[in-house]
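# An overview of the molecular structure
The residues making up each chain are set out below.
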Amino acid sequence: MKNRWKKLVAAVAALAVAFTAVSVTNVATAKAADKYESIYTSDGENFTANVEKKYAFTVDQPSDIDILILTATATDATLTLYNSAGNVVTEYDYNPLALPSSKWAYDSTYQAYFYDDLYESLPAGDYFYGVKFASDNYCMVDIAKKVAAAKINQTKATITVGYTQKLSVEGAKVTKWSSSKKAVATVDSKGKVTAKKTGKTTISAKLDNGQTVKCTVTVKDNKYTASKPTVSDVVRGDCVMSAYSASFDSKGNLVIKARFVNNYYYKVTALNNIKITVKDSNGKVIGTYSAKKKSTSIAPANTKDFSFTISKSSLKQKKADLRNATITCDGKYTYVW
């Protein structure tokens, strides 16, 4: 409401009353947290008793419309919303509104009376707003539409070290992007966030409407992690091998750690035709590991961990986001009675 009152101050000065540009806090119908944008403001003008003045305005899309009436004297009034044909809009049961003098609010700072007339979800179209007083008066009218609060596309995001993610804002223009911890992640003038090291940072977007929207960004290592399977996770009489970790070593090789669970009735002595496939979040292969046989010894109702390495030269993707990867393990096993 503050900006709207500032715009009205000059015209209301014609009432020969001193005004100060401060916000009014006791407006009955408009919520303080809502932002309204004026679409029409009349000049202050004299009214003759029982003579209606109409103000034309246009709503470009369905909106909450707040009509602020500022007057010198609290007197009985009739407030009417008309459609483009000049007919009374009947969708609202309080239209026309017979406003008694007792319903005007008074602000001691402005030393003036005001009333807010609110029409929720008013359809797009052309309208007239009629004001009529029971006695001579001086008045001005401001018509405003509710502006939806701007929104950032994500309020929380997790990014892998070395990777980027685009943030955007709907409903307002971003004047400045910033990061609370640039060592963790930076953001450029177009909202592209670059993850630097593990940790948390807040990415803020300062908007041209005075609002600031934020996204909490968590940066994690470029590492695949999953829970380690246990014997109780595997059906009795079966065996399973599942990867629980994958990361690039200092030479760029991809090191995969997997656990074999033996919940069969006999000891497993070898893993056969092993094939491990690592894919990125788009389903494209990062790399594969294969081996015809790997001797081992895993007693019934026991587990054993293995490490498999795919050399850098064998990788289809030398750089990949492992945190969002998927890993499948296939093969057979040999057991003894």
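The structure under discussion appears in the preceding block.
I will try to describe carefully the structure that is included in this document. Just so it is clear, the model here is predicted, and its values are computed rather than measured.

Take the sheet that holds strand β13 (residues 164–166) next. Spatial ordering of the open sheet is given by β13-β17-β16, a layout of three strands whose pairing is antiparallel. Looking at the sheet topology across the chains shown, the edges are occupied by β13 and β16 (185–187). Sheet twist, expressed as the mean angle between neighbouring strand axes with direction ignored, is 20 degrees. Relative to strand β17 (residues 192–195), β16 runs antiparallel, the two sharing three bridges. The partner of A185 across the bridge, within β17, is A195.

Strand order across the open sheet formed by four strands is β20-β21-β22-β25, with antiparallel pairing between neighbours. Among the strands making up the open sheet, the edge pair consists of β20 (224–225) and β25 (302–310). Summarising the sheet, β20 and strand β21 (residues 238–248) pair through two bridges and their orientation is antiparallel. From the neighbouring strand, Y224 faces β21, where its bridge partner is A246.

Bringing the nonpolar core into the picture now. By size, the foremost hydrophobic cluster in this structure holds 28 residues, and its most contacted members are M241, L254, I256, F260, I274, I276 and F308. Elements that contribute at least two residues to this core include exactly β21, β22 (254–263), β23 (267–279), β24 (285–298), β25 and β26 (326–336). Sort the elements by how many residues they give to this core and β23 lands first, with five residues. Setting aside its immediate chain neighbours within four residues, F260 contacts C239, V240, M241, V268, L271, I298, N302, T303, K304, F306 and Y333. By size, the runner-up hydrophobic cluster in this structure holds 25 residues, among which are I67, I69, C139 and V141.

Right, let's get into the pattern of salt bridges. Per the stated rule, a full pass over the model turns up three salt bridges. Close ionic contact of R259 with D305 constitutes a salt bridge, the shortest N to O distance being 2.7 Å. Here R259, found in strand β22, pairs with D305, found in strand β25; they are 46 residues apart in sequence, far enough to count as distant. For R259, a relative accessible area of 15% gives the class buried. Accessibility expressed as a relative area gives 34% for D305, which makes it partly exposed.

The subject of this paragraph is unusual backbone geometry. Cis rather than trans, the peptide bond between N95 and P96 has omega equal to 0 degrees. Locating P96 in the fold gives a position in the loop between β5 (77–83) and β6 (97–99). Phi is positive for S121, close to 55 degrees, though the residue is something other than glycine. Looking at where S121 falls in the secondary structure, it is placed in strand β8 (residues 112–122). Residue classification places S121 among the exposed positions, given a relative accessible area of 53%.

Moving on, we come to the side chain of T71. Along the polypeptide, T71 turns up in strand β4 (residues 63–71). From its side chain, T71 meets the backbone oxygen of T73 in a polar contact 3.5 Å long. Among the polar contacts listed, one links the side chain of T71 to the backbone oxygen of Y138, at a separation of 3.0 Å.

A word on the side chain of K145. Relative to the helices and strands, K145 resides in strand β10 (residues 137–147). Under the relative-accessibility criterion, K145 is labelled buried at 16%. At 3.4 Å, the side chain of K145 forms a polar contact with the side chain of D60. Non-local contacts of K145, meaning those with residues more than four positions away in its chain, are made with K35, Y36, E37, I39, D60, S63, D64 and I65.

Let's shift gears to the packing of aromatic side chains. Taken as a whole and assessed by the stated rule, the structure comprises 19 aromatic pairs. Where Y289 meets F308, the ring centres are 5.0 Å apart and the plane angle is 55 degrees; that geometry is what we call tilted. A residue pair is termed long-range when its members are at least 10 positions apart, and Y289 in strand β24 and F308 in strand β25 qualify at 19 residues. For the pair formed by Y289 and F308, the shared burial category is buried. The ring of F47 carries the charged tip of K53 above its face, separated from the ring centre by 5.4 Å. Against the face of Y244 rests K228, its NZ or CZ located 4.7 Å from the ring centre.

Calculation notes
Residues numbered from 1 in each chain as written. Predicted model: local features only at pLDDT ≥ 70, side-chain atom pairs only at ≥ 80, totals over all residues. Heavy atoms only, no water. Pairing = 2+ DSSP bridges. Helix = DSSP H or I, 4+ residues; strand = E, 2+ residues; numbered from the N terminus. Axes fitted to C-alpha atoms, helices over the stretch in contact; angles between N-to-C directions. Core = buried A, V, L, I, M, F, W, Y, C linked by side-chain atoms within 4.5 Å. Buried < 20%, exposed > 50% of the residue type's maximum accessible area, 1.4 Å probe, protein only. Contact = heavy atoms within 4.5 Å. Salt bridge = Lys/Arg side-chain N within 4 Å of Asp/Glu carboxyl O. Polar contact = N/O pair within 3.5 Å; in protein donor to acceptor, adjacent residues only side chain to side chain. Phe/Tyr/Trp six-rings, centres within 6.5 Å; stacked < 30°, edge-to-face > 60°. Lys NZ or Arg CZ within 6 Å of the ring centre and 35° of its normal.

Bear in mind that shape data such as this cannot, by itself, settle questions of function.
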